[in-house]
Amino acid sequence: MNAKMAAATAAILWGFTYILTTTWLPPNPLFLAAVRALGGAIVLLALVRSLPPRAWWGRLAVLGTLNTGLFFGLFFIAATRLPGGVAAIFQALTPLATIFIAWGILRARPALTRIGAVLLGALGVSLVVLSSNATLDLIGIAAALGSMLSIATGGV
């Protein structure tokens, strides 16, 4: 599969997560997060068939929490409490959070073109997915923000 097809497939599957969450799966966000994380973990363990060196276990626990455990838990809470369009905007802003967290932790100065590109992309997502009757839920907003910051921090 070429790179463009792989990227398109990943984007479609990622967007499909919202549809599954809001229409077909039980409304327990932590159960959804566990099932989602477990599915990937089983596949990875089947492919690798070995444990990482002991020195990496602590690092992997932190990364696993940020990139999977905390992220998916908050992500599914947001997906069950917010309209998909509102939650999608937070996910579209994740690269912006990553830029600023990298600036704070790694001292990587953000390029204005990157910030502008992320904001332009988030604006595009907003124009496509937002509706005038979108309702906001404070817990959903907090969960969406937390999931965004969790995955951005784990990425850095």
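Our subject is the structure listed above.
A. Broad picture of helix 3 (residues 57–81). Between the first and last C-alpha of helix 3 there are 34 Å, a value that for 25 residues agrees with the 36 Å anticipated at 1.5 Å per step. At Thr65, helix 3 shows its maximal kink, close to 50 degrees.

B. Representation of the environment of Phe100 in the model. Within the fold, Phe100 resides in helix 5 (residues 94–106). With sequence-adjacent residues up to four places away left out, Phe100 is seen in contact with Pro110 and Ile115.

C. Geometry of a nonpolar patch on the surface. Where nonpolar side chains cluster on the molecular surface, the patch consists of Leu45, Leu51, Trp56, Trp57, Leu60 and Leu63 and spans about 600 Å² of accessible area. Counting residues per element, the nonpolar patch draws most heavily on helix 3, at 3 residues. Mapping Leu63 onto the fold places it in helix 3.

D. Fine view of the layout of surface pockets. Roughly 410 Å³ of volume is contained in the largest pocket. Lining the largest pocket are 15 residues, with Ala41, Leu44, Leu60, Gly64 and Thr68 sitting closest to its centre. Listed by contribution, the elements that provide at least two residues to the lining of the largest pocket are helix 2 (29–48) and helix 3. The element that contributes the greatest number of residues to the lining of the largest pocket is helix 2, accounting for 7 residues. Residue composition of the lining of the largest pocket, by class: 10 nonpolar, 4 polar and 1 charged.

E. Focus on the nonpolar core. Among the nonpolar cores identified, the biggest contains 10 residues, and these are Ala78, Leu82, Val86, Phe90, Ala97, Ile101, Ala143, Ala144, Met148 and Ala152. Sort the elements by how many residues they give to this core and helix 7 (residues 138–155) lands first, with 4 residues. Counting residues in each nonpolar core, the second largest holds 6 residues, with Leu32, Ala33, Phe71 and Phe76 among its members.

Calculation criteria
Residues numbered from 1 in each chain as written. Predicted model: local features only at pLDDT ≥ 70, side-chain atom pairs only at ≥ 80, totals over all residues. Heavy atoms only, no water. Helix = DSSP H or I, 4+ residues; strand = E, 2+ residues; numbered from the N terminus. Expected span 1.5 Å × (residues − 1). Bend = angle between axes of the 7 residues up to and from the residue. Contact = heavy atoms within 4.5 Å. Patch = residues over 30% accessible without salt bridge, like charges linked within 9 Å, V, L, I, M, F, W, Y side chains within 5 Å. Areas by Shrake-Rupley, 256 points an atom, 1.4 Å probe, with all protein chains shown as cover. Salt bridge = Lys/Arg side-chain N within 4 Å of Asp/Glu carboxyl O. 1 Å grid on protein atoms, 1.4 Å probe; cavity = no way out; pocket = protein on both sides within 12 Å on 5 of 7 lines; lining within 4 Å. Points joined across faces, edges and corners; volume = space filled by probe spheres on them. Nonpolar A, V, L, I, M, F, W, Y, C, P; charged D, E, K, R; others polar. Core = buried A, V, L, I, M, F, W, Y, C linked by side-chain atoms within 4.5 Å. Buried < 20%, exposed > 50% of the residue type's maximum accessible area, 1.4 Å probe, protein only.

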